[in-house]
Amino acid sequence: MTIKKAISIACTAALATLSAGANAQISGGVVKIGVLTDLSGTYSDLAGSGAVLATKMAIDDFIAKEKPDFKIEMVSADHQNKADIASNKAREWFEREGVDTATELVTTSVALAVMKIAKEKDRIALMSGPGSTPITNEQCNDVSVHYTYDTYALANGTARAVTKQGGKSWFFLTADYAFGQALEKDASAVVVANGGKVVGSVRHPFPGSDFSSFLLKAQASGAQVIGLANAGADTTNAIKQAAEFGITPTQSLAGLLMFITDIHSLGLKSTQGMYLTEGFYWDLNEETRAWSKRFFGVQKKMPTMVQAGQYSSVYHYLKAVKAAGSDDAKKVMAQMKKLPINDFFAKNGQIRDDGRMVHDMYLMQVKKPAESKYPWDYYHVRQVIPAAEAFQPLSQSRCALIKK
């Protein structure tokens, strides 16, 4: 054997060893992403199949642009907005199917349940759809990321704007579970801080369909504003029934969590003038339009902030896996917190030690029908709320991971 050939063989063997070593850091040689969402219920329009599509887009784009040396797979399941179903599926994914991260997790009860299992199994939970602030406060852990929005940011936008516009007395119609309760609490604090008052509240079952008795209580309260501390089909049904009862001409409705799909469903005639807070709007700029039109080409609907946030969170996760050279939860989380987020969804976004991804939010006002110039042209951007103002400051954090 010649010296040249021997050197060549040695180099090839060394490269193979290095490659094997790198792949060995990825369990099974595959990064597996689980999308656990509401595919059939109250939140299926704002998350659901659109979140699954957004995940697939993120994976495809990452492979095309970043050229990873590991395989990426996706699985998905319908949690039906039930914590027990979500818990069982997450445990099955982590223990038997090699899933590295459970993502989306719309519905706070689902998110809180899956977070605990992710911590137990040393996997990562990425949350785009759930909203409650306890996720990054009392219930925080070091393997969870709350990505798109939360009830503090929603209240800071919508409740503040409506109160400052003269809506000083509020009555809350609240979904009776963790998310609705957190949203009512956060919005009430903002109303009072801005010179308003809360005259009452009522809680409806989740999910709900008949809001008549609850709306009549809200009407009898005489409040200027009926704050809807719910989301998805609960919100759209409450708005429709409020119009049927003749409530809206004399009292204002404040949708504390509304999505562009809700506006599309209800129509501009029914929603014109309403304020809402968003983490994303498809028509903000060229980047948001380009991505959203790709999404629309498949889904036939413009994306919600949950679906756009899902793409961003998955892509950021994959970048962190590549940077870490591993799918180990602690190593990946360290990279996720280290790397800034700059994409169509967020500029200069950052994941804090409490797991909160902070980024700018937007106060929107729904256009009048005559102001809309093309399909899905629904919002005026009334205010950009800087990240530092939109989300709860760390000085107020109740997360055990934050050193005071």
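One can find the structure itself at the top, above this paragraph.
Residues numbered from 1 in each chain as written. Predicted model: local features only at pLDDT ≥ 70, side-chain atom pairs only at ≥ 80, totals over all residues. Heavy atoms only, no water.

### Here's the deal with the overall build of the chain
If you tally the helices and strands in the chain, you get 14 helices and 14 strands. On C-alpha atoms alone, the chain measures out to a radius of gyration of 23 Å, which is about the 22 Å that the 2.2 N^0.38 rule sets for 404 residues. Dimensions of the chain along its principal axes, counting C-alpha atoms only, are 95 × 45 × 35 Å. When burial is assessed residue by residue, the chain has 56% of its 404 residues classed as buried. A separation of at least 24 residues holds for 71% of the contacts in the chain among residues at least 6 apart in sequence. As displayed, the chain offers around 16,300 Å² of accessible surface, 53% of which is attributable to carbon and sulfur atoms. Charge-centre separation for the chain: the mean point of 45 positive side chains lies 3 Å from the mean point of 39 negative side chains. (Helix = DSSP H or I, 4+ residues; strand = E, 2+ residues; numbered from the N terminus. Rg over C-alpha atoms; globule rule 2.2 N^0.38 Å. Buried < 20%, exposed > 50% of the residue type's maximum accessible area, 1.4 Å probe, protein only. Contact = heavy atoms within 4.5 Å. Areas by Shrake-Rupley, 256 points an atom, 1.4 Å probe, with all protein chains shown as cover. Lys, Arg positive; Asp, Glu negative; His and termini not counted. Charge placed at Lys NZ, Arg CZ, Asp CG, Glu CD.)

### Section: the packing of helix α2 (residues 48-66) against helix α12 (residues 305-324)
At a minimum axis distance of 8 Å, the contact between α2 and α12 shows a crossing angle of 35 degrees. Our pair here, α2 against α12, has a crossing hand that is right-handed. Mapping the contact onto sequence places G50, A51, A54, T55, M57, A58, I59, D61, F62, K65 and E66 in α2 and Q307, Q310, Y311, V314, Y315, L318, K319 and K322 in α12. Counted by class, the contact of α2 with α12 contains 10 nonpolar, 4 polar and 5 charged residues. (Axes fitted to C-alpha atoms, helices over the stretch in contact; angles between N-to-C directions. Left-handed = near helix turned anticlockwise from the far one by under 90°. Nonpolar A, V, L, I, M, F, W, Y, C, P; charged D, E, K, R; others polar.)

### Some remarks on the pattern of salt bridges
The tally for this structure, following the rule as stated, stands at 19 salt bridges. Between E120 and K121 there is a salt bridge, and its shortest N-O distance comes to 3.6 Å. By relative accessible area, which is 48% here, E120 ends up partly exposed. Between D377 and K367 there is a salt bridge, with the nearest N and O atoms lying 2.6 Å from each other. Of this pair, D377 sits in the loop between β13 (361-366) and β14 (379-385) while K367 is found in the loop between β13 and β14, placing the two residues 10 residues apart along the sequence. Judged on exposure class, the residue D377 and its partner K367 are both buried. Via salt bridges that share partners, R91, E95, E120 and K121 belong to a single interconnected network. (Salt bridge = Lys/Arg side-chain N within 4 Å of Asp/Glu carboxyl O.)

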